[in-house]
Amino acid sequence: MSLLPTFDDVLAAAARIAPHAHVTPVLRSRTLDALAGCELHFKAEPLQRGGAFKFRGACNAVWALEEAQARSGVVTHSSGNHGAALALAARTRGIACHVVVPEGAVAAKLEAIRHYGAVLHRCAPTIAERERVCAEVAQSTGATLVHPYAHAEVIAGQGTAALELLNATGPLDALVTPVGGGGLNAGCAIAAARLAPSCKVIAAEPAGAADTARALAAGERLIDFIPDTICDGLRGTLGEPNFALLRQYGVEVVTIDDDATIVAMRLLWQRLKLLVEPSSAIALAAVLAQPVRFAGLRVGVMLSGGNVDLDALPWSGA
C-alpha cells in the first residue's frame, strides 16, 4: 500500500478484518432527531471489539503483516483505545504486543491493554516522548511499529466504519466524526467520497486540542502544542498522511468546548442507552452546536468508542 490509502484499500481492509471485527449497528433516536432538527444515524462503535473503532485499523494492520515480520510482534504508543485494540488484534494472530502509554492515561483503558496481554511501557505525556520510547522498544524487540493514526493500513481499517454506515443508510448529507490524530476522519472521508460524493465530512475537535483546525487553516501541520481537554482520545497530534487526506477530501473542522461535549455525552447515555466516552460524544456536540447548518439533513454521527473511567465521571458529585 502507498502512504495514502485509497477506497480499494478500504475494501481490502473490510475483507481482511471480517473474520475478527463486529459489524456494529446504526442507532436512531426520535428525541435526538427533534433536538438536533435533523435525521441522525449513529454508528455505534462502542459495541466494536475492544469498545472502540480502533480495533478496525489495528486488526487490518496486524493481519496485513508478512509472516516473518509478524513473528517479532508489534509496538505502538497510545493513551488507551489504540493500545487495547492493537493488543487484542495481536492476540487474534498470536503475536506479541508492546504499548507505550503516557502518564495520566485513563485507568479503564490501561486495564484493557493489560487484559489483552500487551506489555506496557510508561512515558511522559508528550508526543515526542511517546515516539522516542516507542522507537527504543521497536529497536530492542524487533517489533513492527503500528502508529495509532499515521499508518496507511490503520487509516484504511478505520474507513470500514463509514463503509458499513453508508451501506446501511444509503447516501448521507453529512458525516461527523471526532478527530485527534485523524485516522478515523481520514478513513471515513475516503469511503464517503466514493459511496456518497455529495456527503460533507466534518471533523469534531476539542477546543483545547484544536491542532487540526489550526493546521487546515494555516495549510501546514502545527505540532507544537499541549492539549487541554477531557477528550483523552483526541489529544494526539494530526498525522502527516492524515493531514494530506483531510485536505484532499475537503474535510471541515468544528471546535467544541468540553462543557458541550459533556452535555452531549449525557444525552447519548440517556437517549441511546449507550455508553460513550467524551472523545465519542463530541461528534453529537458538533451537530447540536450548529443547528442551522444541519437543519433537515440526513447526518451520520460516528460514535467512536465507549471506554469510560466510571470512577471519574464529570458529574459524579451531582
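See the structure shown above.
What counts, and where the lines are drawn
Here the residue numbering is sequential within each chain, running from 1 through the sequence in written order. pLDDT decides what is reported in this predicted model: residues at 70 or higher carry local features, side-chain atom pairs at 80 or more are listed and counted, and totals for whole chains, interfaces and linings draw on all residues regardless. In computing side-chain values, all of the structure's heavy atoms are included and hydrogens and water are not. In DSSP terms, a helix is any run of H or I states spanning at least four residues, a strand is any run of E spanning at least two, and both are numbered starting from the N terminus. Only protein chains enter the area calculation, which uses a 1.4 Å probe; residues under 20% of their type maximum are buried, those over 50% are exposed, and those in between are partly exposed. Counted as positive: Lys and Arg. Counted as negative: Asp and Glu. His and the chain ends are not counted at all. Criterion for a salt bridge: a side-chain nitrogen of Lys or Arg within 4 Å of a carboxyl oxygen of Asp or Glu. Note on contacts: a residue pair is in contact if any heavy atoms of the two residues lie within 4.5 Å. At least two DSSP bridges between two strands are needed for those strands to be called paired. As used in this structure description, the phrase polar contact means that two N or O atoms lie within 3.5 Å; if the pair is within protein, one of them must be able to donate a hydrogen and the other to accept it, and residues adjacent in sequence are counted only when both atoms belong to side chains.

Enquirer: Residues and numbers for the side chain of Arg 130, please.
Expert: Within the element layout of this structure, Arg 130 appears in helix α7 (residues 127-141). Buried and without a salt bridge, Arg 130 has Asp 232 as its closest oppositely charged side chain, separated by 8.0 Å. With sequence-adjacent residues up to four places away left out, Arg 130 is seen in contact with His 77, Ser 78, Ser 79, Val 100, Pro 102 and Cys 123.

Enquirer: Give a description of unusual backbone geometry that names residues and reports values.
Expert: Even without being a glycine, Lys 273 presents a positive backbone phi close to 55°. Here Lys 273 falls in the exposed class, since its relative accessible area comes to 68%.

Enquirer: Outline the sheet that holds strand β7 (residues 174-178), supporting the account with residue identities and numerical values.
Expert: Read across the open sheet, the six strands follow the order β1-β2-β10-β7-β8-β9; overall the sheet is mixed. Only two strands of the sheet have a single neighbouring strand rather than two, namely β1 (26-27) and β9 (252-256). Note: β1 against strand β2 (residues 39-44), two bridges, orientation antiparallel. Considered in β2, the bridge of Val 26 is made with Lys 43.

Enquirer: Go over the side chain of His 20, please, and point to the residues and values.
Expert: Relative to the elements of secondary structure, His 20 occurs in the loop between α1 (7-17) and β1. Judged by relative accessible area, which is 17%, His 20 ranks as buried. At a separation of 3.5 Å, a polar atom in the side chain of His 20 contacts the side chain of Trp 63. Setting aside its immediate chain neighbours within four residues, His 20 contacts Arg 49, Phe 55, Cys 59, Trp 63 and Thr 92.

Enquirer: Can you explain the pairing of strand β8 (residues 200-206)? Please cite residues and give values.
Expert: Along β8, six of the seven residues are buried, which leaves the element largely enclosed by surrounding structure. Bridge count for β7 against β8 is five bridges, and the pairing is parallel. When the bridges of β8 are listed, Val 176 appears paired with Ile 202. Two elements, β8 and β9, share five bridges in a ladder whose sense is parallel. Paired with Glu 205 across the strands is Thr 255, a residue of β9.

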